[in-house]
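# Descriptive structure summary
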Amino acid sequence: MLVSGLYGYNSVGAAIESLDDQGNDAMLLAASHGHHMLVIFLAKCGSDFNHRNHAGKTVWDFALEQKDAKMMMVRQQHI
């Protein structure tokens, strides 16, 4: 998955920009669950920190809601 992730696809061939039914991409899902290292990895693969889901939320919004200071730092360092 690491090699395929670098090309923007996961092991089943889905693009990192793929969205679920709520408009969440992989980075939003990782951020909403506090997976800091996965967010960093996805950022290096080209995922967009500014993507908004159908509710209008971004990585920053999830970090603020959860009071996740580390996620806020990750976002600031990788934009």
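What comes next concerns the included structure. (Residues numbered from 1 in each chain as written. Predicted model: local features only at pLDDT ≥ 70, side-chain atom pairs only at ≥ 80, totals over all residues. Heavy atoms only, no water.)

Scanning the chain for helices and strands turns up five helices and zero strands. Each helix and strand of the chain, ordered N terminal to C terminal, gives the series α-α-α-α-α. Within the span of the chain, comprising 79 residues, buried residues form 38% of the whole. For the chain, restricting intrachain contacts to residue pairs at least 6 apart in sequence, the fraction spanning at least 24 positions comes to 52%. Surface accessibility of the chain: about 4,900 Å² in total, with carbon and sulfur atoms responsible for 58%. (Helix = DSSP H or I, 4+ residues; strand = E, 2+ residues; numbered from the N terminus. Buried < 20%, exposed > 50% of the residue type's maximum accessible area, 1.4 Å probe, protein only. Contact = heavy atoms within 4.5 Å. Areas by Shrake-Rupley, 256 points an atom, 1.4 Å probe, with all protein chains shown as cover.)

Here the focus is helix 3 (residues 36–44). By the burial criterion, the buried members of helix 3 are His 36, Val 39, Ile 40, Leu 42 and Ala 43. Buried residues of helix 3, seen end-on, are gathered within an arc of 165 degrees and therefore sit on one face of the element. Along helix 3, the residues that are exposed and aim more than 90 degrees away from the buried face are Met 37 and Lys 44. Here the buried face of helix 3 lies against helix 2 (26–32) and helix 5 (69–77). (Arc of directions from axis to C-beta.)

Across the interface, helix 3 lies against helix 5 with an axial gap of 10 Å and an inter-helix angle of 15 degrees. For the element pair helix 3 / helix 5, the angle class is roughly parallel. Considering how the two elements wind past one another, helix 3 and helix 5 form a crossing that is right-handed. Of helix 5, the residues touching helix 3 (which contributes His 36, Val 39 and Ile 40) are Lys 70, Met 71 and Val 74. Of the residues contributing to the contact of helix 3 with helix 5, the split by class is four nonpolar, one polar and one charged. (Axes fitted to C-alpha atoms, helices over the stretch in contact; angles between N-to-C directions. Parallel < 35°, antiparallel > 145°, perpendicular 65-115°, else oblique. Left-handed = near helix turned anticlockwise from the far one by under 90°. Nonpolar A, V, L, I, M, F, W, Y, C, P; charged D, E, K, R; others polar.)

Examined against the element boundaries, Asp 68 turns out to sit in the loop between helix 4 (59–65) and helix 5. Here Asp 68 occupies a buried position and makes no salt bridge, while the nearest side chain of opposite charge, Lys 70, is found at 7.7 Å. If sequence neighbours within four positions are ignored, Asp 68 has contacts with Gly 34, His 36 and Ala 63. (Lys, Arg positive; Asp, Glu negative; His and termini not counted. Salt bridge = Lys/Arg side-chain N within 4 Å of Asp/Glu carboxyl O.)

What follows covers the nonpolar core. Ranked by internal contacts, the top residues of the largest apolar core, which has 17 residues, are Met 27, Val 39, Phe 49, Val 59 and Met 71. Counting only elements with at least two residues in this core, the list comes to helix 2, helix 3, helix 4 and helix 5. With residues near it in sequence (within four places) discarded, Met 27 still touches Val 39, Leu 42, Ala 43, Ser 47, Asp 48, Phe 49 and Val 59. (Core = buried A, V, L, I, M, F, W, Y, C linked by side-chain atoms within 4.5 Å.)

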